[in-house]
Amino acid sequence: MKLFFNSTIFLFLLCLSQVGISEEYIKNYSVSTKGIKIGEVVWQLNKDENKYKVKISLKSKGLLSSVYKFNGEYLSFGKIKNSLFIPEHYSHKWVTKNKVKDMIIQFSQNKIDSTTQRPPEQEPPRVNLFNLENYSDPLTSFISIFYNRDSSNTVDGRRIYKMVAKQSLEKPKTITITITNYKNIYADHKRNDLEKIIFSKQDGLVLPDWILIYFKGSVFKVYEN
């Protein structure tokens, strides 16, 4: 009986320790532009002392959803070392009425190990992805900046760029990410559709309350429900 009791206490404490180490956060957001709701987002973050996973799911919602339907899923996971987020896998899938796009990037030893995309790209790459070192996927870059990094070199499979963060002097809890060193991997133009990202950085938060995304001349507002 004593052995059973001690074993039970041990298992109970083990479970408590696992709960304390492992953290899971989920937030739900609405997405609007020009005052019209166009979608909803579910953002999930799992992390402990050694590893992390970020998943974002989005779908069309609102008045325009019957005309313009879309859904997407973005996933990144990797390890945490010396408080740095180091990606091992990134994938995204984007589905509209007429298109399905998939992208997978595998990382190893702080470099890109392989890439897969559907439909396959017909143009030859203008950037050697396998020469890139210390690049992160967009989800890892954003989380790294949210957790106090000043910048992060980023690759999403079709573009490479650098995210540079700066805290607003007028609004101390607001961070602006500007996009620099932008290069298209397969296109020969230098157009940068992603202009900047602004988000809230409140004390104690593990995910932002709101985000403003400046993309192709429009502003997409992402606010927690």
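Residues numbered from 1 in each chain as written. Predicted model: local features only at pLDDT ≥ 70, side-chain atom pairs only at ≥ 80, totals over all residues. Heavy atoms only, no water.

1. Considering the confidence of the model for the protein
No. 1: Residues at a pLDDT of 70 or more form 89% of the protein, whose mean pLDDT is 88.
No. 2: Confidence, expressed as mean pLDDT per element, reaches its minimum in the protein at helix α1 (residues 2–21) with 47 and its maximum at strand β8 (residues 151–155) with 98.
No. 3: Low confidence marks residues 1–5, where pLDDT is under 50. Its contacts with residues over four positions away, or in another chain, come to zero contacts.
No. 4: Counting interchain partners and residues more than four positions distant, the pLDDT-below-50 stretch residues 10–20 has zero contacts. (pLDDT = per-residue confidence, 0-100. Helix = DSSP H or I, 4+ residues; strand = E, 2+ residues; numbered from the N terminus. Contact = heavy atoms within 4.5 Å.)

2. A look at the environment of Leu63
No. 1: Examined against the element boundaries, Leu63 turns out to sit in the loop between β3 (51–60) and β4 (70–81).
No. 2: We classify Leu63 as exposed; its relative accessible area is 76%.
No. 3: For the pair formed by Leu63 and Lys37, sequence separation is 26 residues and the distance between their alpha carbons is 7.2 Å. (Buried < 20%, exposed > 50% of the residue type's maximum accessible area, 1.4 Å probe, protein only.)

3. So, the side chain of Ser152
No. 1: Residue placement: Ser152 occurs in strand β8.
No. 2: Judged by its relative accessible area of 3%, Ser152 is buried.
No. 3: At 2.8 Å, the side chain of Ser152 forms a polar contact with the side chain of Ser141.
No. 4: With residues near it in sequence (within four places) discarded, Ser152 still touches Ser136, Ser141, Ile145, Tyr161, Lys162 and Met163. (Polar contact = N/O pair within 3.5 Å; in protein donor to acceptor, adjacent residues only side chain to side chain.)

4. Points about the pairing of strand β5 (residues 84–96)
No. 1: With 12 bridges connecting them, β4 and β5 associate as antiparallel partners. Across the sheet, Ile80 pairs through a bridge with Phe85, a residue of β5.
No. 2: Here β4 hands over to β5 after two residues, with Asn82 in that stretch at a positive phi of 55°.
No. 3: Summarising the sheet, β5 and strand β6 (residues 100–108) pair through seven bridges and their orientation is antiparallel. From the neighbouring strand, Trp94 faces β6, where its bridge partner is Lys101.
No. 4: Remark: three residues form the turn of the hairpin made by β5 and β6, two consecutive strands paired antiparallel. (Pairing = 2+ DSSP bridges.)

5. Re the pairing of strand β12 (residues 210–215)
No. 1: Bridge count for strand β11 (residues 194–200) against β12 is five bridges, and the pairing is antiparallel. When the bridges of β12 are listed, Ile197 appears paired with Ile213.
No. 2: As paired elements, β12 and strand β13 (residues 218–224) share six bridges and run antiparallel to each other. Paired with Ile211 across the two strands is Val222, which belongs to β13.

6. Considerations on the side chain of Ser200
No. 1: By the element assignment, Ser200 lies in strand β11.
No. 2: According to the relative accessible area criterion, Ser200 is buried, its value standing at 1%.
No. 3: At a separation of 2.9 Å, a polar atom in the side chain of Ser200 contacts the main-chain amide nitrogen of Asp209.
No. 4: For Ser200, the residues in contact, after removing those within four places along its chain, are Phe146, Lys173, Pro208, Asp209 and Trp210.

7. Digging into the packing of aromatic side chains
No. 1: As enumerated under the stated definition, the model contains 11 aromatic pairs in all.
No. 2: Taken together, a centroid distance of 5.6 Å and an interplanar angle of 50° make the contact between Trp43 and Phe142 tilted. Here the residue Trp43 occupies a position in strand β2 (residues 36–47), and Phe142 occupies one in helix α2 (residues 138–146), the gap between them amounting to 99 residues.
No. 3: Phe142 gets classed as buried once you look at its relative accessible area, which sits at 7%. (Phe/Tyr/Trp six-rings, centres within 6.5 Å; stacked < 30°, edge-to-face > 60°.)

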